Amino acid sequence: MRIIPFLLSLILTVGLIVCLNRQWQLGGSKTPLLGDFLSPQHGFWQNAEPVNKSFDGNMALPGLKGKGDVYFDENLIPHVFAGSHQDACYIQGYLHAKFRLWQMEFQTFAAAGRVSEFLGAGAGNAYVKYDRSMRRLGMVTAAKAALAEMEKDSVVKADCDAYTAGVNAYIGQLRASELPLEYKLLNYSPEPWTNLKIALFVKYMAYDLAGHDNDFEMTNAKSFFSKEDFAKLYPEMQDSVDPVIPRGTRFLPPGIVPKAPSKVDSLYLDHPLTVTAAESKPDRDNGSNNWAVSGKKTLSGRPILCNDPHLSTNMPAIWYQMQIHTPDYNVYGVSFPGAPYVIIGFNDSCAWGITNAERDVRDYYTIKFKDETRKEYWYNGKWAPAAQRVDTILIRGGLPFYDTVASTVFGPVMYDPGFAGFSEEASNRSYAVHWKPADPSNEMRTFSKFQSMRDYSDYKEAILTFKSPGQNFAFADKSGVVAIWQQGEFPAKWKEQGRFVMPGEDSSYSWQGNIPQQENPTMLLDNDDNGRGFVSSANQLPVDTTYPYYLGIDYPPYRGLIINRKLNSMNSITPADMMSMQTNNYDIFAAMARPLLLRNIHESRLSTDEKNYLDVFRNWNLNNDPNEEGPVIFQYWWNHLTKDIYDDEFSKSSLYMMKPFESTLLEALLKDSAYSFIDNINTPEKETLPQVVTNAFLQSVPDLAAAAKDDRLTWAKNKDTWVRHLLQLPALSRTHLPIGGGVHCINAAKKLHGPSWRMIVQLTDKTEAYGIYPGGQSGNPGSPYYDSFVDKWAAGKYNALWVMGADEVKDRRVKWAMHFSNQ
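All figures in this text were calculated on a predicted structure; none of them were measured in a lab.

*Asks:* Sorry if this is basic, but what is going on with the packing of helix α15 (residues 558-569) against helix α17 (residues 588-600) here?
*Replies:* Geometry of a packed helix pair, given as the angle between the helix axes and the separation of the axes. Packing of α15 against α17 brings their axes to within 9 Å, and their N-to-C directions diverge by 95 degrees. In this view, α15 runs roughly perpendicular relative to α17, as classed from their interaxial angle. Between α15, through Y558, L561, I562 and R565, and α17, the contact on the second element is made entirely by I588, F589 and M592. Residues belonging to the contact of α15 with α17 are distributed by class as follows: six nonpolar, no polar and one charged.

*Asks:* Where do I start with the sheet that holds strand β23 (residues 522-525) in this structure?
*Replies:* In a beta sheet, neighbouring strands are held together by backbone hydrogen bonds and run either parallel or antiparallel to one another. Taken together, the 11 strands give an open sheet; going across it, the order is β3-β31-β4-β5-β9-β10-β11-β12-β20-β21-β23, and neighbouring strands pair in mixed fashion. Looking at the sheet topology across the chains shown, the edges are occupied by β3 (57-60) and β23. Taken over all neighbouring pairs, the strand axes of this sheet differ in orientation by 15 degrees on average, direction set aside. In terms of strand pairing, strand β10 (residues 330-335) meets strand β11 (residues 344-347) through four bridges, oriented antiparallel. The partner of V334 across the bridge, within β11, is I344. Most of the contacts of helix α3 (residues 85-112) go to strand β9 (residues 320-325), to which it runs at about 160 degrees, and overall it touches β3, β4 (68-72), β5 (78-82), β9, β10 and β31 (816-821).

*Asks:* Got a minute to help me understand the packing of aromatic side chains in this structure?
*Replies:* Ring pairs (aromatic) are described by centroid distance and by the angle formed between their planes. By the definition in use, this model includes 61 aromatic pairs. Considering the side-chain rings of F55 and F72, the 6.3 Å spacing of their centres and the 40 degrees angle between planes classify their relative orientation as tilted. Here F55 is found in the loop between α2 (34-38) and β3, whereas its partner F72 is found in strand β4, with 17 residues between them in sequence. Pair check on accessibility: F55 and F72 agree, each one buried. Aromatic pair Y773 and F789: ring centres 5.1 Å apart, planes at 90 degrees, arrangement edge-to-face. Residue Y773 is located in the loop between β29 (768-772) and α23 (790-794), and its partner F789 is located in the loop between β29 and α23; the two are separated by 16 residues in the primary sequence. Look at Y773 and you get buried, because its relative accessible area is 0%. The rings of Y558, F589, F617, W620, F634, W637, W638 and F697 are connected pair by pair, giving a single aromatic cluster. Sitting over the ring of F490, R359 keeps its end group 3.8 Å from the ring centre. In this structure, K659 packs its charged tip against the face of F650, placed 5.6 Å from the ring centre.

*Asks:* Please explain the side chain of T721 as it appears in this structure.
*Replies:* When you line up the elements, T721 lands in strand β25 (residues 721-725). Here K719 takes part through its side chain, which lies 2.8 Å from a polar atom of the side chain of T721. When residues no more than four places from it in sequence are discounted, the contact partners of T721 are A716, R734, T735, H736, L737, I739, K750, K751 and W793.

*Asks:* Where do I start with helix α21 (residues 689-709) in this structure?
*Replies:* Think of an α-helix as turning once every 3.6 residues; residues three or four places apart then point the same way. Look at α21: 31 Å from first C-alpha to last across 21 residues, which is about the 30 Å you get at 1.5 Å a residue. At V701, α21 is deflected by roughly 25 degrees, the largest bend along its length, and proline P702 occurs up to four residues later in sequence. By the burial criterion, the buried members of α21 are L689, V692, V693, T694, A696, F697, S700, V701, L704 and A707. For α21, the elements touching its buried residues are α17, α18 (608-619), α19 (630-650), α20 (662-671) and α22 (715-719). Backbone geometry just after α21 places D711 at a positive phi near 60 degrees.

What counts and how
Numbering of residues begins from 1 in every chain and follows the order in which that chain's sequence is written. Totals for whole chains, interfaces and linings use every residue, but because this is a predicted model, local features are given only for residues with pLDDT of at least 70 and side-chain atom pairs only at 80 or more, for both listing and counting. Side-chain calculation: all heavy atoms of the structure are included, whereas hydrogens and water are not. Between the N-to-C directions of two axes lies an angle of 0 to 180 degrees, each axis being a line fitted to C-alpha atoms and, for a helix, fitted only over the stretch in contact. For the purposes of this entry, the term helix denotes a DSSP run of H or I that reaches at least four residues, the term strand denotes a run of E that reaches at least two, and both are numbered from the N terminus. Angles below 35 degrees are treated as roughly parallel, those above 145 as roughly antiparallel, those between 65 and 115 as roughly perpendicular, and all remaining angles as oblique. Here a residue-residue contact requires only that any non-hydrogen atoms of the pair lie within 4.5 Å. Classes in brief: Ala, Val, Leu, Ile, Met, Phe, Trp, Tyr, Cys and Pro nonpolar; Asp, Glu, Lys and Arg charged; the others, Gly included, polar. Being paired, for any two strands, means DSSP has found at least two bridges between them. Any Phe, Tyr or Trp ring, taking Trp's six-membered ring, that has another such ring centre within 6.5 Å forms a pair; planes under 30 degrees apart are called stacked, those over 60 apart edge-to-face, and the others tilted. Relative accessible area decides the class of each residue, using a 1.4 Å probe on protein chains only: under 20% of the type maximum gives buried, over 50% gives exposed, and in between gives partly exposed. For a lysine, the NZ atom is tested; for an arginine, the CZ atom; a charge sits over a ring if that atom is within 6 Å of the ring centre and within 35 degrees of the ring normal. Polar contacts here mean pairs of N or O atoms no more than 3.5 Å apart (in protein, one a potential hydrogen donor and the other a potential acceptor; neighbouring residues in sequence count only if both atoms are side-chain atoms). Here the expected span of a helix is defined as 1.5 Å times the quantity of residues minus one. Throughout, the bend at a residue refers to the angle made by two axes, fitted to the seven residues ending there and to the seven starting there.

What follows is the structure, encoded as structure tokens:
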């Protein structure tokens, strides 16, 4: 009878071996190899990091030219001391890999259109569509062009070579048990790092920040609405805008005057073209705040510079904080895992901060192919050859997908009848894309020079090679100079060029040249300045209508308006004042809208419960603080009002169109209580503003009651901010954070997006600086340093930034030390 237990044991053992050595389908994804994942020696258990873990070590690594030391403080922030800037880049690459390897590599896969290779096709082939979009846009081609420029620069090339060597030094010594958790979850291993991956990361940030365009949506809207209605829905400028460069500034005469084609009205502006393709786009609120106040407005008499870039709130965090000290510079700030240098920060002489320029540098052209082979297209009166390439998209768990991409004089064909992007409807035409970041450029040279710049002339020289994505570079130095420069290589466009999809059958709609760099918007305040005493930007329109070039229409006005209003009224400013301002939750959009809503609501139509909601809104302090109910009531009310005013017109078409900006509706209603879109075209009567305002409020009440029932009536619970893992796994994310703010507040925190790094630098003799970001220094979810800054960030608190001196190695703030040598 012993044979039966033996057979049962054997069957169970074999079954267990099979189970542990295969992947299992769970929903739309597969498990990792359970045997490897659960292995006590190599599996996820090894990623659990004890609180008292030591990061001390002596590293003998090939490729270093000399010696280097890294001292970690209590927040795991490294203070790097190296004998040369190339060794500093090597050590930076090693540290990035040690603490953020999976993140930095995965972002380059996303840039290169390789997500399907590791995550599978995705629901509805979403990952394949994403990969096709990134490849058709030409991300790898653009990265290769950038790399060629970078490697012409001997300093940048040497620094990138050293950084790459440092990353690979860490990868080369990585044991299976030390693999980051995500590699174990997805069952793959890191590839060797290359300089091309650095360039891919740079282009990925360009995509994130220069991917803003509404050409397709605007083209459809132009075809559907009358010219008069289109002008009301999509005005070229907001009345409330307070530009980056103050109104009344005199600009240089234009160095280039682009000429519109002779038939621009019939073939472009009045041509009823419709588009069925749909793009994948970055968050349209990717932007930032920055400002610098001169010593004339500060208590210390020295400039204070502030910056908070608004990006996705991710885990692992977008930024990695560090100090780098070499014989040539001593710099502190945040770096991008995946690239050398400190990107936003300060050195012993000056500080800099960055915001997005929001300029439209991505245009589309209709392409007429000779036939379905797409080997020839009509251009300048004849059939021109189209270059073609075949992209092979590897798909985890499936067969490869082969995508044939045609290229024209304008650029690659992004959409065609075989690929409509994320549209459910097939594309009825072919569209080529011309995108400025595809041009050769060397943005890394700017950051290379920022590390050691000492004054305004160094700053001007450093930004010269920065082409894309266009940025507002704020600057301040210890001599008292404060400046801002909107830097990038921007095409000089005739009025409304690129606002819609353009004809691609001849060269007359091509870009005709670039705005000369010295004509980019700029402002300089020195010690003799008697003006307003500050520079600032918050992604708003950079200039007023006296600027001689067409700039497009998509610029959010409200953060810039409240920032300038506050700074104009402040004096004797301290870093503490700047902390309060950076985390300010005042909603200026709601402040402008509330009087309009209150004077147009028919309170006589409201029940007692409905009046209670209205009273809460009426008495709200206009701050989007975490426990306030007023912002929830306002958001629901305004959303219903927007739908009631616009949905009757927009629902008449199935075309993919963009709804008007919030500023458009508010400014229209403030100017004209008989705004034509108030009337519902589906009803026989003519609706009035009080009617639609009251109806919208009544429609919002059931939503508010449901929110109250679910304990979501307070702003933080309703907005529900997350710092979400890149794989969108809740277990590896920080969820339901008690943070206020909003899209129109200086503290621009949304659900999955917000201030990714808050920095304040006072340029006194001994620099005084503060900073915080939503994350932690480690990318390991099993580390106490994975999310160690999140709670402080949500609460609006800061860490003092310690610039360690070479003589402070015995300071109590030093917790661990790594010593690097080449032998």
